[in-house]
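In case you want the letters, here they are:
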Amino acid sequence: MTATGLATEGIVELDFVGIDPETGKEGSPTAWVDQESREIVIQGWTAGPDLLDAISRIAWAPDHTPGIPNGEAVVRIPARMAQILREACDVAERAGL
């Protein structure tokens, strides 16, 4: 799959990398690279309350505060998208992000 540019209502320019290969016609995990903000953008399934609770209780890195800060979210991405996520990383890396 090749990254392609997409301008969304003139607000943001994204390089589309890929979409869940088993998706239907809507609500599908997707990966893009935003060249301007220098970020990989991920759409995924909303994490449920049990997962959010489990993640929120643990400090996952030394000296890191447990919890999910405001402005951050936890999403689920199917493992079958591993190649798409690798490509998103490659696109970002080639762009010098």
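So, here's what we can say about the structure. Per chain, the residues get numbers from 1 upward, laid out in the order the sequence is written. For a predicted model such as this one, the threshold for reporting local features is a pLDDT of at least 70, and the threshold for listing and counting side-chain atom pairs is 80 or more; totals across whole chains, interfaces and linings nevertheless cover every residue. Neither water nor hydrogens contribute to the side-chain values; these are computed over all heavy atoms in the structure.

A tally of helices and strands in the protein yields two helices and six strands. Labels follow the DSSP assignment, with helices taken as runs of H or I lasting at least four residues and strands as runs of E lasting at least two, numbered in each case from the N terminus. Taken from N to C terminus, the helices and strands of the protein fall in the order β-β-β-β-β-α-β-α. Across the 97 residues in the protein, those meeting the buried criterion constitute 21%. Total accessible area computed for the protein in this model is approximately 6900 Å², and 52% of it derives from carbon and sulfur atoms. Under the scheme applied here, a residue whose accessible area is under 20% of the maximum for its type counts as buried, over 50% as exposed, and between as partly exposed, the area being computed with a 1.4 Å probe on protein chains only. In these tables, accessible area is a Shrake-Rupley quantity obtained with a 1.4 Å probe, and a residue counts as shielded only by the protein chains included in the view.

Now for the nonpolar core. Residues Val17, Ala31, Val33, Met81, Ile84, Ala88, Val91 and Ala92 constitute the largest nonpolar core, which totals eight residues. Counting only elements with at least two residues in this core, the list comes to strand S3 (30–34) and helix H2 (82–94). With four residues, the top contributor of residues to this core is H2. In this description, a nonpolar core means a group of buried Ala, Val, Leu, Ile, Met, Phe, Trp, Tyr and Cys residues linked to one another through side-chain atoms lying within 4.5 Å.

Time to look at the pattern of salt bridges. By definition here, a salt bridge exists when the distance from a side-chain nitrogen of Lys or Arg to a carboxyl oxygen of Asp or Glu is within 4 Å. Going through the model one piece at a time under the given rule, you end up with three salt bridges. Note that Asp20 is salt-bridged to Arg80, the shortest N-O span being 2.6 Å. Residue Asp20 is found in the loop between strand S2 (12–19) and S3, and its partner Arg80 is found in the loop between strand S6 (75–76) and H2; the two are separated by 60 residues along the sequence. For Arg80, a relative accessible area of 38% puts it in the partly exposed group. In this structure, Glu22 engages Arg80 in a salt bridge whose closest nitrogen and oxygen atoms are separated by 3.7 Å. In this pair, Glu22 sits in the loop between S2 and S3 while Arg80 sits in the loop between S6 and H2, placing the two residues 58 residues apart along the sequence. Linked through salt bridges whose partners overlap, the residues forming this network are Asp20, Glu22 and Arg80.

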